[in-house]
Amino acid sequence: MKIVKQHMESIEGIATYPMISLLIFFVFFTLLFWWVFTTSKERIKEMEEMPLDDQHQKPFDQ
Amino acid sequence: MEIQQFHYDNKIVQKFLYATLLWGVVGMLVGLLLAFMFIFPNLTDGISWLSFGRLRPLHTNAVIFAFVGNAMFAGVYYSTQRLLKARMFSDWMSNFNFWGWQAIIVAAAITLPLGYTSSKEYAELEWPIDLAIAAVWVVFGWNFIGTMLKRRQRHLYVAIWFYLATIVTVAVLHIFNSLALPVSAMKSYSVYAGVQDALVQWWYGHNAVAFFLTTPFLGLMYYFVPKAANRPIYSYRLSIVHFWSLIFIYIWAGPHHLLYSSLPDWAQNLGVAFSVMLIAPSWGGMINGLLTLRGAWDKVRTSPVLKFMVVAITGYGMATFEGPMLSLKNINAIAHFSDWIIAHVHVGALAWNGFLIFGMIYWLIPRMFKTRLHSTPMANFHFWIGTLGIILYALPMYVAGFTQALMWKEFNPDGTLVYGNFLETVNEIMPMYWMRAIGGTMYLVGTLVMLYNIIATVRSGSKLEDELAEAPALARIGGRRKAGEKYHTWLERRPIQLTLLATVAILIGGIIQIIPTLLVKSNIPTITSVTPYTPLELEGRDLYIREGCVGCHSQMVRPFRSEVERYGEYAKAGEFVYDHPFLWGSKRTGPDLLRVGGKYSDNWHLNHFYDPQSTSSGSIMPSYKWLIRNKHDRSAAVDKMRVMVTLGVPYTEEDIAGAEASMDAQAAQIEKNLYADPEFVRSYEEEKTYAQQNGEEFIEMKDREIVAMIAYLQRLGTDIKIEQNTEVASENR
């Protein structure tokens, strides 16, 4: 991993980057997974059935 | 609650579907012609508007924006209305979207072969057409958001999110990448130069793949696969994770197109890291699509629609596995500039986009025309010949890419290149080009069979009508969160807030990469010996752009021993500061030209353009006879220089005032150099005498296009050329 280290060391103020990126990612994915796991089963069912809901479409001759 | 009746607009879907079929055939035909030009380079000999360099952007644009673009609109217009239980916001806007888009495609089909190009990949169209694209896109977005606002379905299905992200991001990408200063009605220069232009271009280029070829099609997948399989998506939760992580990560990955180039290392590394991460959301999406067929795999045996969709999603999985792998620097070192990349993009285009489109068409057309598909065996035939076509296209290109890249890098024990002549490496892969052309033909045959099948189906069906539907009106519940309503449940019914959040997600990556590169001076160390092009060289550069030379020749020597040995000193960021636009290229069908200046004589270049095979036996470059015949229109040189000054190129008033004289002097010198070759003297003088005897106008050599082209080529890379290459010209490196 020398090649990675060498490139990384050439960047000024590199130490702050991992902190910032960790923070951005942590916040982003925490929110995302919170969103996903707190959604109720009924809501998921309702959402995923949406494309299959043909009840509202009427045949032409009616 | 009041039940409202309304009609779904099927006619607009039908229009986009017909356009998809038409442009699909056109785009593939042009592609096939190009594939055969590898084998018969002078297939369209002497016809400038059918030359390889000009047709290549026509092929890519036709396939991406005309074939895939129209299919995207068709799918979006069909599914959005049904998912939102509302007719599109405005019929007028829908039609403006349709006719505007077709007008843009026609404009592209005319201007690209005529050589009007910005040369930036997938963004080649000149500025007036760019403005039209922006206008049509805004109307599309407006129409879409208007439909969301009058919807009768409270919550927004995940497909709608994907469409929203597409609309927002494509607008941002298109506007920022196309920023250019016009010289005239059909000529402009990118406001960015060199490294910065490259970064912005590939931020755009990569995300054109992401947000034009991927996100809208994932939306279509999330709608049409459940429809065709008649069961809900495998995991709706996974689709939420898929959406947010994909759009958040995708936007950062652009720099993987510029590995080992002069782009600052930090940006390259950032691109690599995010590209590797991308495999997670991509495969999440692929798995979600494939597992939707759980318990329905028996249907895949009988339904051509599902067959196409399964191969499409598999193709998506393959391409998105390969993408992160190609972004690793050690793999990219081999794959970049080679046919491997051509294989990669065609797995994406032919399998993922093409097959999803075919599946969608086979599902939609019988439904919309209230009939059955004319012939299922024919659709099955299309499936098999198409699948085999993809395999026969992709596999030989992988082999070609590997073979050629390894040959480029092979050394003798004494430190010289084993294949010092570039053409040896081209010659080696000719059988692969043959197989590719056969694979492409098979794919096109399948498409033509589908075309017939669809026409027969439409004829047997009833007249297309707008579909009646009814749904209760949406009760107003206000923008605020209701008691007990969770934040994300609220967000899922708030289109504007959702759009803003998606915009933030995609802007983070773009801003972090692009702004520092534009602003931080240390990213591009200046080189004092690098000076602006002379007026004649600038004019020559525009010819290089017009002819699409960048489609086959890179100007980017990577810092590898094999490349420095073959081409000369590796490229430095500071060398490109006056390059509006950059011309690094992305494919080496021919050798790199960064250091070609001074390598060959002016006569060699003239002969080479006239008949490439005469100077370079076995070359697959077409001849450019018109460059040698045409009088060169240099009337815009002063305007061009003034635009360059505005963009920061340090031409003085003196330079601009003396442009005419400078061009004349430099051209006359090149004409004089050409007289070194007795063969040239003989044919040139003969031509002159003939013209005089027959009273025809004679164009002096110094006034012809070729002279400016030679001036540009002889200048290339000489600013910091370290060792003068004294080797004989016939080596053809």
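Since we're looking at a predicted model, the values are computed, not measured. Sequence order as written defines the numbering, with residues in each chain counted from 1. Whichever chain is written first becomes A and whichever ligand is written first becomes 1, with later ones labelled in order. With pLDDT at 70 or above as the cut-off, local features in this predicted model cover only qualifying residues; side-chain atom pairs require 80 or more to be listed or tallied, and sums for whole chains, interfaces and linings still use all residues.

K.L.:
Please clarify how the overall build of chain A should be interpreted in this entry.
P.N.:
The way it works is that DSSP assigns letters per residue, a run of H or I at least four long becomes a helix, a run of E at least two long becomes a strand, and they are numbered from the N terminus. Regarding its fold elements, chain A presents three helices and zero strands. Residues are called buried when their C-beta atom has 20 or more other C-beta atoms within 10 Å, exposed when it has 12 or fewer, and partly exposed otherwise; all C-beta atoms are positioned from the backbone. When burial is assessed residue by residue, chain A has 6% of its 62 residues classed as buried.

K.L.:
How should I be thinking about the overall build of chain B in this particular structure?
P.N.:
Each helix and strand counted, chain B has 28 helices and four strands in total. Radius of gyration here uses only the C-alpha atoms, and the compact-globule reference equals 2.2 Å multiplied by the residue count raised to the power 0.38. Taking 27 Å as the expected radius of gyration for a compact globule of 733 residues, we find that chain B reaches 27 Å, a close match to that expectation. Each of the three principal axes of chain B carries a C-alpha extent, and together these read 90 × 60 × 55 Å. Evaluated residue by residue, chain B yields a buried proportion of 54% over its 733 residues.

K.L.:
Before we go on, may I ask you to explain the domain arrangement of chain B in this structure?
P.N.:
In many analyses, interface size is given as the accessible surface area lost on bringing the parts together. All names here are of chain B. Domain delimitation follows an automatic or database domain assignment. According to the domain assignment, chain B contains domain 1 (320-473) and domain 2 (535-731). With twelve residues of domain 1 at the interface, the matching set in domain 2 holds 13 residues. For the side of domain 1 that touches domain 2, the leading source of residues is helix H15 (residues 422-428), giving four residues. Polarity classes work like this: nonpolar for Ala, Val, Leu, Ile, Met, Phe, Trp, Tyr, Cys and Pro, charged for Asp, Glu, Lys and Arg, and polar for all others, with Gly in that last group. Here the residues of the side of domain 1 that touches domain 2 sort into eight nonpolar, three polar and one charged. Throughout, a residue-residue contact means that the two C-beta atoms, derived from backbone geometry, are no farther apart than 7 Å.

K.L.:
For this particular structure, what's the right way to read the packing of helix H2 (residues 52-84) of chain B against helix H6 (residues 194-229) of chain B?
P.N.:
For any two helices packed against each other, the geometry comes down to the angle between their axes and how far apart the axes lie. Residues and elements named next belong to chain B. Axis definition: a line fitted to C-alpha atoms, limited for helices to the stretch in contact. Angles are taken between N-to-C directions and run from 0 to 180 degrees. Close contact between H2 and H6 brings their axes to 10 Å; oriented N to C, the two are set at 40°. When you trace H2 past H6, the crossing you get is left-handed. Residues Ile64, Val68, Met72, Gly75, Val76, Ser79 and Leu83 of H2 lie in contact with H6, whose contacting residues are Phe212, Leu213, Pro216, Leu220, Tyr223 and Phe224. Partitioning the contact of H2 with H6 into residue classes produces eleven nonpolar, two polar and no charged. Should the near helix be turned anticlockwise from the far one by less than a right angle, the crossing is termed left-handed; should it be turned clockwise, right-handed.

K.L.:
Help me understand helix H21 (residues 602-610) of chain B, please; the structure alone is not making it clear to me.
P.N.:
Every α-helix winds through 3.6 residues per turn, so residues three or four apart in the chain are directed the same way. All names here are of chain B. Residues of H21 that are buried: Asp602, His605, Leu606, His608 and Phe609. Looking down the long axis of H21, one finds its buried residues gathered within 165° of arc, a one-sided arrangement. Taken together, the buried residues of H21 touch helix H22 (612-615), helix H23 (625-629), helix H26 (659-674), helix H27 (678-693) and helix H28 (705-715). Note that the arc is defined by the directions from the helix axis to the C-beta atoms.

K.L.:
Which parts of the structure should I look at to understand the interface of chain B and chain A?
P.N.:
Counting residues at the interface gives 28 residues for chain B, matched by 21 residues for chain A. Sorting the residues of the side of chain B that touches chain A by element identifies H6, helix H7 (236-250), helix H8 (265-277), strand E4 (467-472) and helix H17 (487-491) of chain B as the ones contributing at least two each. The leading source of residues in the side of chain B that touches chain A is H7 of chain B, at seven residues. Grouping the constituent residues of the side of chain B that touches chain A by class yields 15 nonpolar, five polar and eight charged.

K.L.:
What is the right way to look at the pairing of strand E3 (residues 187-190) of chain B in this model?
P.N.:
The side chains of a regular strand alternate, residue by residue, between the two faces of the sheet. Residue and element names in this part refer to chain B. Should DSSP find at least two bridges between two strands, the strands are regarded as paired. Where strand E2 (residues 180-184) lies against E3, four bridges are found, and the strand directions are antiparallel. Looking at E3, one finds that leucine 181 is bridged to tyrosine 189. Where E2 hands over to E3, the hairpin turn is made up of two residues, counted between the paired strands.

K.L.:
Is there a simple way to explain the nonpolar core in this structure?
P.N.:
Taken as a class, soluble globular proteins show a tendency for nonpolar side chains to be buried jointly. Residues and elements named next belong to chain B. Counting residues in each nonpolar core, the largest one holds 219 residues, and the members touching the most others are Ile247, Met309, Ala312 and Leu356. Considering each element in turn, this core owes the most residues, 23 residues, to H6. Both domains that furnish three or more residues to this core are identified here as domain 1 (320-473) and domain 2 (535-731). In contact with isoleucine 247, not counting residues within four places along its chain, are Ala165, Thr215, Ala502, Ala505 and Ile506. The term nonpolar core means buried Ala, Val, Leu, Ile, Met, Phe, Trp, Tyr and Cys residues held together as one set by C-beta atoms within 7 Å.

K.L.:
Even after reading the chapter, I still don't get the environment of lysine 120 of chain B, so can you show me in this structure?
P.N.:
All names here are of chain B. By secondary structure assignment, the location of lysine 120 is in the loop between helix H3 (91-111) and helix H4 (127-149). Residue lysine 120 is classed as buried on the basis of its C-beta count, with 26 C-beta atoms lying within 10 Å. Spatially, the C-alpha atom of lysine 120 lies 8.9 Å from that of asparagine 177, the residues being 57 residues apart in sequence. Excluding anything up to four places from it in sequence, lysine 120 contacts Asn177, Ser190, Gln201 and Pro581.

K.L.:
Help me out: how do you make sense of the environment of leucine 21 of chain B in this one?
P.N.:
Residues and elements named next belong to chain B. Within the element layout of this structure, leucine 21 appears in helix H1 (residues 10-39). For leucine 21, a count of 20 C-beta atoms within 10 Å corresponds to the buried category. It is 49 Å that separates the C-alpha atoms of leucine 21 and methionine 663, two residues lying 642 residues apart in sequence. When sequence neighbours within four positions are dropped, the list of residues in contact with leucine 21 reads Leu451 and Ile454.

K.L.:
I keep staring at the environment of asparagine 95 of chain B and nothing clicks. Help me out?
P.N.:
Among the secondary structure elements, asparagine 95 of chain B is positioned in helix H3. Put simply, asparagine 95 of chain B and leucine 417 of chain B are 322 residues apart on the chain and 59 Å apart in space, counted from C-alpha to C-alpha.

K.L.:
Would you mind showing me how to read the confidence of the model for chain B here?
P.N.:
Caution is warranted with low-pLDDT regions, since their predicted coordinates should not be read in detail. Residues and elements named next belong to chain B. Each residue carries a pLDDT value, the predictor's own confidence for that position, ranging from 0 to 100. Per-residue pLDDT for chain B averages 92, and the proportion of residues at 70 or more is 97%. Long-range and interchain partners of residues 723-733, a stretch whose pLDDT sits below 50, account for 17 contacts in this model, where long-range means more than four residues apart. Across the whole predicted complex the pTM is 0.92, and at the interface the ipTM reaches 0.75.

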